[in-house]
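Here's the letter readout for the chains.
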Amino acid sequence: MASADLTSKRDAERNLDEDGLVHAPSHPLAMALRRLAGRVLAVITTLLGLLFLTFSMGRLLPADPVLAITGAEVSKEVYDRVYNELGLGRPIWAQFLDYVQKVATGDLGTSATTGQPILTDLLTIFPATIELAVIAMIVGALVGVPLGITAAVRRGTIIDHIARIIALAGHSIPIFWTGLMALFVFYAKLKLVGASGRVDVFYEGLVTPVTGFLLIDSAIERQWDVFRSALGHIILPGTILGYYSVAYISRMSRSFMLEQLGQEYITTARAKGLGLRKVVWRHAFRNIRVQLLTIMALTFGGLLEGAVLIETVFGWPGLGQYLTRGLQMNDMNVVMGAVLTIGAVFLTINILSDVLYRILDPRTR
Amino acid sequence: MLKNLLTTIALAGALVTAQPSFAASPPNMLVIGTNLTGIRTLDPAQNNARTVSELISNLYDNLVQLSPDDLKTLKPMLATKWTVSEDGRLITLTLRDDAVFQSGNAVTAEDAAWSIQRVIKMGQVGSTDVALWGFTSENVDKLVRAKDEQTLEIELPHAVNTDLVLYSLAGSSIGIIDKKTALSHEANGDLAGAWLSANSAGSGPFTLAQWRPNDVAIFNAQKNYWAGPPAMARVVARHIPESGNLRLQLEAGDVDVGQYLASGDLDALANNKEMVIDSVPGLGFYYIALNQKDPDLQKPKVREAFQHAFDWKAISGNIMRYTGFPWHSMIPRGMIGAPQDATSRHDYDPAKAKQLLAEAGYPNGLKKVLNPSGAATLPFAEALQASARAAGLDLNLVPGEFTPAFRERKYEILLGNSGARLPDPFAVATQYAYNPDNSDEARLGSYYLWRAGMKVDELNTLVDQSMKEPDAGKRTEIFQKMDGIYSGMNAPLVIFFQRTDPYVIRANVKGYHGHTTWSTRWHGVTKE
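Since this is a predicted model, take the numbers as computed values, not measurements.

> Can you lay out the packing of aromatic side chains for me, pointing to particular residues and giving the numbers?
Under the criterion given, the structure shown has 25 aromatic pairs over all chains. With a centroid separation of 5.9 Å and an interplanar angle of 75 degrees, the aromatic rings of A:Tyr243 and A:Tyr244 are classed as edge-to-face. Assessed through its relative accessible area of 25%, A:Tyr243 is described here as partly exposed. A residue is classified by how much of its surface remains accessible, and A:Tyr244, at 17% relative accessible area, is buried. Residues B:Phe406 and B:Tyr411 carry aromatic rings whose centres are separated by 5.2 Å and whose planes lie at 80 degrees to one another, so their mutual orientation is edge-to-face. For B:Tyr411, a relative accessible area of 7% puts it in the buried group. Every member of this aromatic cluster is reached through a ring pair, and the members are B:Phe285, B:Tyr287, B:Phe406, B:Tyr411, B:Tyr432 and B:Tyr448. Positioned over the ring face of B:Tyr260 is B:Arg50, at 4.3 Å from the centre of the ring. The residue whose ring lies beneath B:Arg50 is B:Tyr503, and the NZ or CZ to ring-centre distance is 4.9 Å.

> Can you tell me about the nonpolar core, naming the residues and giving the values?
Of all hydrophobic cores here, the largest spans 121 residues; its most connected members are B:Leu30, B:Leu63, B:Trp133, B:Leu152, B:Leu493, B:Tyr512 and B:Trp522. Two domains each donate at least three residues to this core, and these are domain 1 (27–233 + 506–525) and domain 2 (281–499) of chain B. Setting aside its immediate chain neighbours within four residues, B:Tyr512 contacts B:Leu30, B:Ile32, B:Glu54, B:Val257, B:Gln259, B:Tyr503, B:Ile505, B:Thr520, B:Trp522 and B:Val525. Counting 75 residues, the second-largest nonpolar core is a separate cluster that includes A:Met137, A:Leu303, A:Leu304 and B:Leu248.

> Provide a residue-level description of the interface of chain A and chain B, including the pertinent values.
Contacts between the two partners involve 58 residues from chain A and, on the opposite side, 59 residues from chain B. Between the two partners, chain A and chain B, sit three salt bridges. For B:Arg238, the salt bridge is made with A:Glu204, and the minimal N-O distance between the two is 2.8 Å. At the boundary of chain A with chain B, the tally comes to ten residue pairs in polar contact (both at pLDDT 80 or more). Only helix H3 (65–70), helix H4 (76–85), helix H6 (118–153), helix H8 (175–189), helix H10 (224–261), helix H12 (276–313) and helix H13 (319–328) of chain A provide two or more residues apiece to the side of chain A that touches chain B. In the side of chain A that touches chain B, the residues fall into 28 nonpolar, 18 polar and twelve charged.

> Go over the sheet that holds strand S6 (residues 144–148) of chain B, please, and point to the residues and values.
Residue and element names in this part refer to chain B. Ordered in space as S4-S5-S7-S6, the four strands form an open sheet in which the pairing is antiparallel. The sheet is open, and its two edges are formed by strand S4 (79–84) and S6, each paired on a single side. Here the average twist between neighbouring strands, direction ignored, is 25 degrees. Note: strand S5 (residues 90–95) against strand S7 (residues 151–155), five bridges, orientation antiparallel. Bridge pairing links Leu93 to Leu152 in S7. Across the sheet, helix H3 (residues 109–122) touches S5, S6 and S7, and the angle it forms with S6 is around 175 degrees. Lying over the sheet, helix H6 (residues 162–169) contacts S4, S5 and S7, oriented at roughly 40 degrees with respect to S5.

> Summarise the UniProt feature "transmembrane region" (unreviewed entry) in chain A; cite the residues concerned and give the values.
Per the UniProt record, "transmembrane region" (unreviewed entry) is found at residues 36–57, 132–153, 165–188, 230–249, 292–314 and 334–357 of chain A. The distance separating the terminal C-alpha atoms of residues 334–357 of chain A is 34 Å; by composition the span is 100% helix and 0% strand.

> If you had to explain the pairing of strand S16 (residues 413–417) of chain B to someone new, which residues and values would you point to?
All names here are of chain B. Of all five residues in S16, four are buried, a share of seventy percent or more. Relative to S16, strand S12 (residues 275–290) is paired through five bridges, and the arrangement is antiparallel. Following the sheet pairing, Leu290 is matched in S16 by Ile413. In this structure, strand S14 (residues 366–372) lies alongside S16, joined through three bridges in parallel fashion. Bridge pairing links Asn371 to Leu414 in S16.

> So what's going on with the domain arrangement of chain B? Residues and values would help.
Residue and element names in this part refer to chain B. Here chain B is partitioned into domain 1 (27–233 + 506–525) and domain 2 (281–499). Look at where the C-alpha atoms of domain 1 and domain 2 centre, and you get two points 32 Å apart. Opposite the 23 residues of domain 1 that make contact, domain 2 presents 19 residues. Overall, the association of domain 1 and domain 2 removes approximately 1600 Å² of surface from exposure, summing both partners, and the carbon and sulfur fraction of that is 62%. Taken as a group, Asn161, Leu164 and Thr516 account for 30% of the area that domain 1 buries against domain 2, more than any other trio of residues on that side. Applying the counting rule to domain 1 against domain 2 returns zero salt bridges. On the surface where domain 1 and domain 2 come into contact, there are four residue pairs in polar contact (both at pLDDT 80 or more). Contributing elements (two or more residues each) for the side of domain 1 that touches domain 2: helix H2 (50–59), strand S3 (70–76) and H6. Tallying contributions element by element places H6 first for the side of domain 1 that touches domain 2, with three residues. Classifying every residue of the side of domain 1 that touches domain 2 by side-chain character gives ten nonpolar, ten polar and three charged.

> Before we move on, can you summarise the pattern of salt bridges with the specific residues and values?
Using the criterion set out here, one finds 30 salt bridges over all chains in the structure. One salt bridge in this structure joins B:Asp440 and B:Arg409, with 2.7 Å as the shortest N-O distance. Placement of the pair is B:Asp440 in the loop between helix H16 (425–432) and helix H17 (448–452) and B:Arg409 in the loop between helix H15 (403–407) and S16, with a sequence separation of 31 residues. For B:Arg409, a relative accessible area of 5% gives the class buried. Salt bridges sharing common partners tie together A:Glu204, B:Arg212, B:Asp215 and B:Arg238.

> Go over the packing of H6(A) against H13(A), please, and point to the residues and values.
Residue and element names in this part refer to chain A. Direction vectors running N to C along H6 and H13 enclose 135 degrees, while the axes themselves pass 8 Å from each other. Viewed along their axes, H6 and H13 adopt a mutual orientation that is oblique. The segment H6 lies against H13, with Ile118, Asp121, Leu122, Ile125, Phe126 and Thr129 engaging Leu319, Gly320 and Tyr322. Taken together, the residues that form the contact of H6 with H13 break down as six nonpolar, two polar and one charged.

> With reference to specific residues and values, describe the confidence of the model for chain A.
Of the residues in chain A, 88% have a pLDDT of 70 or more, and the chain-wide mean is 81. Under a pLDDT of 50 for its full length, residues 1–22 of chain A has, in the predicted model, eight contacts with residues more than four places off or in other chains.

> Give me the lowdown on the UniProt feature "domain: Solute-binding protein family" (unreviewed entry) in chain B, citing residues and values where you can.
As annotated by UniProt and renumbered to match this structure, "domain: Solute-binding protein family" (unreviewed entry) occupies residues 74–438 of chain B. Secondary structure content for residues 74–438 of chain B is 29% helix and 23% strand, and the end C-alpha separation is 36 Å.

> With reference to specific residues and values, describe unusual backbone geometry.
Residue and element names in this part refer to chain B. The backbone phi angle of Tyr260 is positive, close to 60 degrees, even though this residue is not glycine. Under the relative-accessibility criterion, Tyr260 is labelled partly exposed at 35%. Its identity is not glycine, yet Arg409 carries a phi of approximately 60 degrees, on the positive side.

Parameters and conventions
- Residues numbered from 1 in each chain as written.
- Chains lettered and ligands numbered in written order.
- Predicted model: local features only at pLDDT ≥ 70, side-chain atom pairs only at ≥ 80, totals over all residues.
- Heavy atoms only, no water.
- Phe/Tyr/Trp six-rings, centres within 6.5 Å; stacked < 30°, edge-to-face > 60°.
- Buried < 20%, exposed > 50% of the residue type's maximum accessible area, 1.4 Å probe, protein only.
- Lys NZ or Arg CZ within 6 Å of the ring centre and 35° of its normal.
- Core = buried A, V, L, I, M, F, W, Y, C linked by side-chain atoms within 4.5 Å.
- Domains from an automatic or database assignment.
- Contact = heavy atoms within 4.5 Å.
- Salt bridge = Lys/Arg side-chain N within 4 Å of Asp/Glu carboxyl O.
- Polar contact = N/O pair within 3.5 Å; in protein donor to acceptor, adjacent residues only side chain to side chain.
- Helix = DSSP H or I, 4+ residues; strand = E, 2+ residues; numbered from the N terminus.
- Nonpolar A, V, L, I, M, F, W, Y, C, P; charged D, E, K, R; others polar.
- Pairing = 2+ DSSP bridges.
- Axes fitted to C-alpha atoms, helices over the stretch in contact; angles between N-to-C directions.
- UniProt positions renumbered as here; feature names shortened; annotations may be inferred.
- Buried area = accessible area lost by both parts, 1.4 Å probe.
- Parallel < 35°, antiparallel > 145°, perpendicular 65-115°, else oblique.
- pLDDT = per-residue confidence, 0-100.

The following block contains the structure:
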C-alpha cells in the first residue's frame, strides 16, 4: 500500500509543469514514440559530430590527397587538375557542407587508392570483418564466460589464478606476435590451417557473393571444399582475436558473478539444499545475462576496430586493413569513410543492446 | 559446459583437418605474394606504380619490348619491324597480323594509334614518358596515326633521339588497348577510364579474371595468344603485406614469388636452397636532399660536409643488402656514360666533415631537421642520424610521410629514394639535374633539383642535348660531362645507393625475371 502511494506521488510529480499544474499521464505509445524520437535525434547529432571529427581529421592531417591519386612523380598540370577536381581550393566550410550532403545520400567519395566508391569498397570488405569478429566473439564468449564464472565460484583457488593468468596474457602479449607464432606452429609446422586471405588461392572466385560472408555463401552453394578452406583460414585469426576478448569478458563475468554470489537469495537457495551448479547456472547466471549481453555488444564493436593488426598479419581483406592502408597512403576519403563506419556500428550496437536490455530486463522499461 | 566446449572445439578441428590439404600452389598456377596497396586502377594510361606495371604488362602487349637482361636492344612485340626517316622525325612501325585481343578483335594500327592518343589526352601519370617528346592533346591525333591496318606512323613534333621514343613505347603505360571494346564502355567522355580500371581489353598472354583492390588479382591464360599459350593457366597476385607471413608461405610452397619482403626475412630466405633472390637494379637512387632555400644548407662546404657525414659502408651490408648497392654517380650503373666505379666519392670521414663545417662558419656543429620521405626509409634515416652526430651534425629525426613537403620545398633535409621507367640516363637526369625555373611559383615538383632548390643552366642545356642527340657516342660524352659537373658542384641531392628491387623466387619456378622497368612478363614462366 505504501509502495503504491509512493508510485502515484512520483507520477504526479513527473506530470507537474512549470505552473505546477497536474497533467494526465501520457499514453504509453506516445511515450515510446517520444523516446524513439529522442533517440533518433541523439543518433543524428552524434553522427554529425562524428562527421565533423572525421572531416577535420581528413582535412587537417598533413597528407596530400592529390598525390595519393596521382603518385609522387606527377607533373604540375596533372596535379593542378586533380586538385581542382577534388574541390580542394574551396573554403573549408563549403567542403564540409558538401561532405555532409554527399554522406546523406550515401556518397562517401571515391577512394584514391582503389579507384572505387568508398561505399562499394565498404560493402565488399565489411562482411569479411564481421565474419572474423563473429568467430572471435563466439570464441570469446565460449571461453570467457565459463572461465570468469568458474573463477568466481572457485574464488581464490588455483582455477581462479589460472583464469587470471590467461586473462592477463590475453591483455599483454602483442597480437602481432601471437599471430605470427600461431602461423608458424599451425600453418608452417602442423599444416592444419591456411595462412593468408579468406580462402586458398585455388578456390578464389568459385563462389558467387550473395551475403558477402564466405562461410555462408559457400554453404548456400554447397561448395564444401571452399567452405572447409574458408573455415581453415578464419579459425586462426578468429581464435586469436577472440582470445584477446577473453580477458575482458572473463574479468567482467567473474565480477558480475561474485556480486550475485554475495546476494541473500543465493545463501537462501544454498540453505534450502540446492546444488551449487543449479544455484550458479539457474539463478545467478540468469541475473547476470543482461549485463553480459551489454559487455558482449561492446566487445563486438571493439573487435571490429581491434581487428586492424590481426587483419594485417593474416592478410585478411577487412575494414582494419582498409583503414590502415588509407592512413598509409594518405587516402583521406577512406579514412573518413572507415572511421565513420566504425562509429556508426558502435552507435547501432549501443542502440541494439539498449533495446535488448529493455526486452530482457523488465525493470529497465 | 566444459564438455560442450571441448566437443565444439574438436568438431571445428575435425572440419578443418578434414581439408584435403593446405598444399603448395598447383603446377600450372603461379602465385605471387605482393603488396597491392595503392593500385587504384589497371588502366595502362593511369598506371603510377611498380606492382601495377607488372600486372598491366601481362594484360597488354606493347609495340616493342626490352628484355630484362638487355635494356638497350629493342625487340619486336606487336610491331615486327620499324624504320626511322632520314630526318629522324618519323617512325614507321609495321604490326604483326596474327595478334588478337581477348574480345577476338584483330589488333590493328588504329588500336595502337588510339592507345597512344588516349594516354596523352588523359594526361595521367602514364603519359609522363611520351609527353616528354612534345605530344599534346591538341597535336597527338595528327602526329600519331594509322596509315593502314598494319602500319603505324609516329611523327615527332621536334627533334628527339628516336631510341628514347621507342624505349618509351616499351613502357607498361603504352599497352595497346582494344579500341572498339573500350569505347563501348565509355562513360561521360572518360575514354573508358572507369571501365578499364577494373577490366582488361588487351592482347596480352593473360586476361583479367578477377580483381579485388588491396586483396587479389587473378589472371587466366589467353589460349590463342599469338606467341603461343603460356604454361601457367592461371596467375594469382595476392596481397600479403606482412613480410613474416609471406616468408612462411614461400617456404611452404603456397607462394611462388615474393615481393617487398623485409631485410630480415630476405636474409633468412637467402640461406634456403629452395629460394632464389633476384636483386634487380632499378633506375633510381637513395639520396639526401638538402633544401637550398635554407641559408645554412646553401653553403657549398656544408653540402660537402654531408658527403662525408654518413657511414654508408656500415649499412650497405645489412639494411641495404637487398634494396640498394653503393653508388655515388647520378648516372645509374650500366647505363651509357656511367663511370666504371662510383663508390668512393663520399667516403665517411667525420673529422673532414667537422672541418668543412668549421670552415663554413659552424665550429660548434650544425643542428637541422631530418625527414625520411616515408616509413620505408626510416631505418636508413636512423643510421644517418647516428653517424652524422660524430661529424658535428645534430639531426633531429622527424618520421612521417614527407613526400608532399618535399614537393612543396617545405623541409630542411630529406632522405628519399627514386625510380624511373625509361631505361636511359636521360630519365634520371631529368629528375636529378634539370630545373628550368627555380621560382616557387613554377612548382616544378616532378624535378628533384627544383625540390632541392637549385638551378644549373649548364646541366639544363646538357639534359636538353641528351634528349635530342641521335649519336650514341656523343650522348655518352654528354652524360659523362653531366656526371662530372654534378659530382664537382657539391650537389644538394647527395646520392649514396642505387636502388635494387629484390624478388624471391622458388627454385622450381623458371623464367620469372624481375624487370628494371617493372614490366616483368609471365609468358615464359614454367614450373618444374
